[in-house]
Amino acid sequence: MSSKKILKNMSKTKKETPGIKRKVIIPIAIFALLFLGIGVGMGYFKKNLYTVMKVPDFELTDQDNKKITSKDMLGKVYLVEFFFSRCPTICPVMNRNMRFIEDEINSPEFGIISISIDPENDTPAALKEHAKSVGAKSPDWHFLTGNRDYIGKLADQFNIYVGDKEDDSESLNHSGMIALVDKEGNVRCRYNKDNMPILYYSGLNYEDPEGKTPKLTGKYHPDREILIEDIKKLLK
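Residues numbered from 1 in each chain as written. Predicted model: local features only at pLDDT ≥ 70, side-chain atom pairs only at ≥ 80, totals over all residues. Heavy atoms only, no water.

Draft legend 1. Quick look at the overall build of the protein chain. Counting secondary structure elements, the protein chain contains five helices and nine strands. When the helices and strands of the protein chain are read in sequence order from the N terminus, they spell out α-β-β-β-β-α-β-α-β-α-β-β-β-α. For the protein chain, with 236 residues in total, the buried portion stands at 42%. Expressed as a percentage of contacts within the protein chain between residues at least 6 apart in sequence, the contacts between residues at least 24 apart total 69%. Of the roughly 13700 Å² that the protein chain leaves accessible, carbon and sulfur atoms contribute 56%. (Helix = DSSP H or I, 4+ residues; strand = E, 2+ residues; numbered from the N terminus. Buried < 20%, exposed > 50% of the residue type's maximum accessible area, 1.4 Å probe, protein only. Contact = heavy atoms within 4.5 Å. Areas by Shrake-Rupley, 256 points an atom, 1.4 Å probe, with all protein chains shown as cover.)

Draft legend 2. Looking closely at the packing of aromatic side chains. Scanning all chains against the criterion turns up four aromatic pairs. Ring geometry for Trp141 versus Phe143: centroids 5.0 Å apart, planes at 20 degrees, classification stacked. In this structure, Trp141 and Phe143 share a single accessibility class: buried. What links up through ring pairs into an aromatic cluster is the set Phe83, Trp141 and Phe143. A cation sits over an aromatic face here: Arg224 above Phe100, 3.6 Å from the ring centre. (Phe/Tyr/Trp six-rings, centres within 6.5 Å; stacked < 30°, edge-to-face > 60°. Lys NZ or Arg CZ within 6 Å of the ring centre and 35° of its normal.)

Draft legend 3. The environment of Cys189, seen in detail. Mapped onto the secondary structure, Cys189 falls in strand E8 (residues 186-189). Of the residues examined, Cys189 reaches a relative accessible area of 0% and is grouped as buried. Measuring from C-alpha to C-alpha, the distance between Cys189 and Leu49 comes to 5.3 Å, with 140 residues separating the pair along the chain. Setting aside chain neighbours within four positions, we find Cys189 in contact with Leu49, Tyr50, Val52, Pro197, Ile198, Leu199 and Tyr201.

Draft legend 4. Looking closely at the side chain of Asp230. Tracing the chain through its elements places Asp230 in helix H5 (residues 222-235). Ignoring sequence-local partners within four residues, the contact set of Asp230 consists of Leu49, Leu180, Arg190 and Tyr201.

Draft legend 5. Inspection of the packing of helix H2 (residues 90-105) against H5 at higher detail. Direction vectors running N to C along H2 and H5 enclose 40 degrees, while the axes themselves pass 11 Å from each other. By the angle between their axes, H2 is oblique relative to H5. Between H2 and H5 the crossing geometry is right-handed. In contact with Asn97, Phe100, Ile101, Glu104 and Ile105 of H2, H5 contributes Arg224, Leu227, Ile228, Ile231, Lys232 and Leu235. When grouped by side-chain class, the residues that make up the contact of H2 with H5 number seven nonpolar, one polar and three charged. (Axes fitted to C-alpha atoms, helices over the stretch in contact; angles between N-to-C directions. Parallel < 35°, antiparallel > 145°, perpendicular 65-115°, else oblique. Left-handed = near helix turned anticlockwise from the far one by under 90°. Nonpolar A, V, L, I, M, F, W, Y, C, P; charged D, E, K, R; others polar.)

Draft legend 6. Inspection of the pattern of salt bridges at higher detail. Under the counting rule described, the total for this entry stands at 13 salt bridges. Measuring nitrogen to oxygen at the nearest pair gives 2.9 Å for the salt bridge that ties Arg190 to Asp230. Remark: Asp230 occurs in helix H5 and Arg190 occurs in the loop between E8 and strand E9 (201-202); sequence separation between them is 40 residues. For the pair formed by Arg190 and Asp230, the shared burial category is buried. (Salt bridge = Lys/Arg side-chain N within 4 Å of Asp/Glu carboxyl O.)

Below, the structure is given as structure tokens:
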């Protein structure tokens, strides 16, 4: 073979090699970017909180007979629950979990709104006694009372279940869910393991660490722990 042909063949080989490399490198780069994107996405869901909605406007009276509004709570991270002081079942559990969170957070930028669904009995004076019995410390833990129809509509706006006032068997039933509100007045929540927003947090105790089976005397509080984490995120 002549030297010209050898050089010509060498030239072809040099020109074809980059094409082969590109065919190999491009799929590798695509997969690398895909995995990077998945990693970034998972990191986003872990670090960021979902905005559920703007907190509904409210104006109610607290245990010190003082008007408290949603505007008063701007600039604070706070929790919202519905309860009543005579409740013998889930309310004491929820209140104890709130007390634990209050101690754990211990910040003047944090507050709690506990709204009674039994305003006929939960007067400001009754709520003041209840606050003492619960051991509430913060001046920003407000136990609120007011018109029952108004409170029922407010619960609907929060999308937290409260029984129909006109139904005697249901009027004092309520959900154990808690809303988390940021300093700008937005209801926030984290994403679950499937990257879907959980919307609200449970204030209950459970018999299992995964939080599948509620139990009044349960020793597990999975949502309490994640709620503390998310409050701290919003306080930063």
